[in-house]
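Results of the structural survey
The chain contents come next:
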Amino acid sequence: MTTLIIGGSGKTGQSLAKLLKAANRPALLTSRSGNMPEAFKAVAFDWVDPTTFENPFKVDPSIDRVYLIAPRVANMFEVVKPFIDLAISKGTKRFVFLSASQVQPGDPNLGQIHQYLIDMRVDYTVLRPTWFIQNFATNLAYGIKEKSEIFSATGEGKIPLVAVEDIAQAAFEVLTAEKSPNRDYFLVGPELWSYDEVAKLMSSVLGREIKHMKVEEEERKQVFIRNGIPSDLASRLAQMEVRVAHGSEAKYFDESADRKIVGKHTLREFVEANRAVWMK
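Analysis parameters
Residues numbered from 1 in each chain as written. Predicted model: local features only at pLDDT ≥ 70, side-chain atom pairs only at ≥ 80, totals over all residues. Heavy atoms only, no water. Patch = residues over 30% accessible without salt bridge, like charges linked within 9 Å, V, L, I, M, F, W, Y side chains within 5 Å. Areas by Shrake-Rupley, 256 points an atom, 1.4 Å probe, with all protein chains shown as cover. Salt bridge = Lys/Arg side-chain N within 4 Å of Asp/Glu carboxyl O. Lys, Arg positive; Asp, Glu negative; His and termini not counted. Charge placed at Lys NZ, Arg CZ, Asp CG, Glu CD. Helix = DSSP H or I, 4+ residues; strand = E, 2+ residues; numbered from the N terminus. Buried < 20%, exposed > 50% of the residue type's maximum accessible area, 1.4 Å probe, protein only. Expected span 1.5 Å × (residues − 1). Phe/Tyr/Trp six-rings, centres within 6.5 Å; stacked < 30°, edge-to-face > 60°. Lys NZ or Arg CZ within 6 Å of the ring centre and 35° of its normal.

This part takes up a negative patch on the surface. Negative charge collects at one region of the surface, where Glu216, Glu217, Glu218 and Glu219 lie side by side. Mapped onto the fold, glutamate 217 is located in helix H8 (residues 217-226). Residue glutamate 217 is classed as partly exposed on the basis of its relative accessible area, which comes to 32%.

Next comes the structure, spelled out in structure tokens:
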């Protein structure tokens with residue numbers, strides 16, 4: 001049976017696809033163009049075009065499980081719900097949904113999707129990762145490279161930063177398990193980091209001073225908006241950073257062993273392996 005990876009060109013989707021391929025398990029990846037690098041089978045799929053939702057099932061009727069990443073839009077649940085309904089009608093038996101650490105079942109958007117999977121009584125796992133280590137090489141990369149600064153509203157709060165590879169490994173394990181856990185897990189890294197500490201580490205690896213520029217919530221929101229993020233989503237993202245300053249992410253590091261999955265990859269390993277990303 002085939003695993004459908006929604007968002008196959010994304011960070012976790014690509015890593016998951018490699019794990020499935022190595023295990024000789026068939027996978028079908030989606031992208032807006034229907035093209036995918038490397039030797040992966042792909043199909044055109046676009047969240048803003050519901051007519052593409054059936055494409056994966058036309059290409060491979062044996063799809064029985066889905067790795068689901070929702071689009072970053074304001075009306076997320078209204079967009080994703082019809083696809084979940086369609087997938088179930090086509091024979092999908094198991095969903096693994098990538099949510100976020102701070103999002104509870106029933107919360108707007110991601111939380112509504114989480115709750116809907118519960119309500120539909122399908123096999124499911126909801127992965128709730130803390131913040132990605134890879135963010136420093138993507139949305140935060142420009143500021144580090146060009147201005148030698150990390151811009152955030154996280155204050156001195158700490159985060160158990162987790163690697164994309166560890167998220168993909170967790171998804172692989174629950175997708176391929178004999179029985180679905182039918183629950184959610186927090187995904188955390190092996191260490192706690194404040195952005196001040198991240199800046200210090202990057203300074204030592206890159207050989208120049210990197211500063212953590214602490215800003216207030218409204219200023220952070222405006223930065224997100226300038227980067228093309230819708231206003232209401234920008235507000236939520238800025239609020240999440242402010243919550244970090246008050247311990248919202250650090251607490252997941254202390255969750256009981258049955259409530260969390262702890263990754264193996266460290267921030268130092270990532271920074272040392274990718275230093276060229278931030279070199280001028």
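For the rest of this paragraph, the subject is helix H7 (residues 195-206). Between its terminal C-alpha atoms H7 stretches 16 Å, which fits the 16 Å expected from 12 residues at 1.5 Å a residue. Listed in full, the buried residues belonging to H7 are Tyr195, Val198, Ala199, Leu201, Met202, Ser203, Val205 and Leu206.

This part is about the packing of aromatic side chains. Scanning the entire structure with this criterion turns up 11 aromatic pairs. Plain terms: the ring middles of phenylalanine 270 and tryptophan 278 are 6.1 Å apart, the flat faces sit at 70° to each other, and that makes the pair edge-to-face. Here phenylalanine 270 and tryptophan 278 have matching classes, each one buried. Taken together, the aromatic side chains of Phe45, Trp47, Phe53, Phe57 and Phe83 make up a single cluster linked through ring pairs. Taking the ring centre of phenylalanine 40 as reference, the NZ or CZ of lysine 21 above it sits at 5.4 Å. A cation over a ring is seen here: lysine 260 above phenylalanine 253, with NZ or CZ 5.7 Å from the ring centre.

One pass over the structure, following the stated rule, counts 10 salt bridges. Residue aspartate 184 pairs with arginine 128 through a salt bridge whose shortest N-O separation is 2.9 Å. Here arginine 128 lies in strand E6 (residues 123-129) and aspartate 184 lies in strand E9 (residues 183-188), a separation of 56 residues in the sequence. Here aspartate 184 falls in the buried class, since its relative accessible area comes to 13%. Between lysine 214 and aspartate 196 there is a salt bridge; the shortest N-O distance is 3.0 Å. Here lysine 214, found in strand E11 (residues 211-214), pairs with aspartate 196, found in helix H7; they are 18 residues apart in sequence, far enough to count as distant. Look at aspartate 196 and you get partly exposed, because its relative accessible area is 29%. Taken together, the shared-partner salt bridges in this structure form one network comprising Arg128, Asp184 and Arg259.

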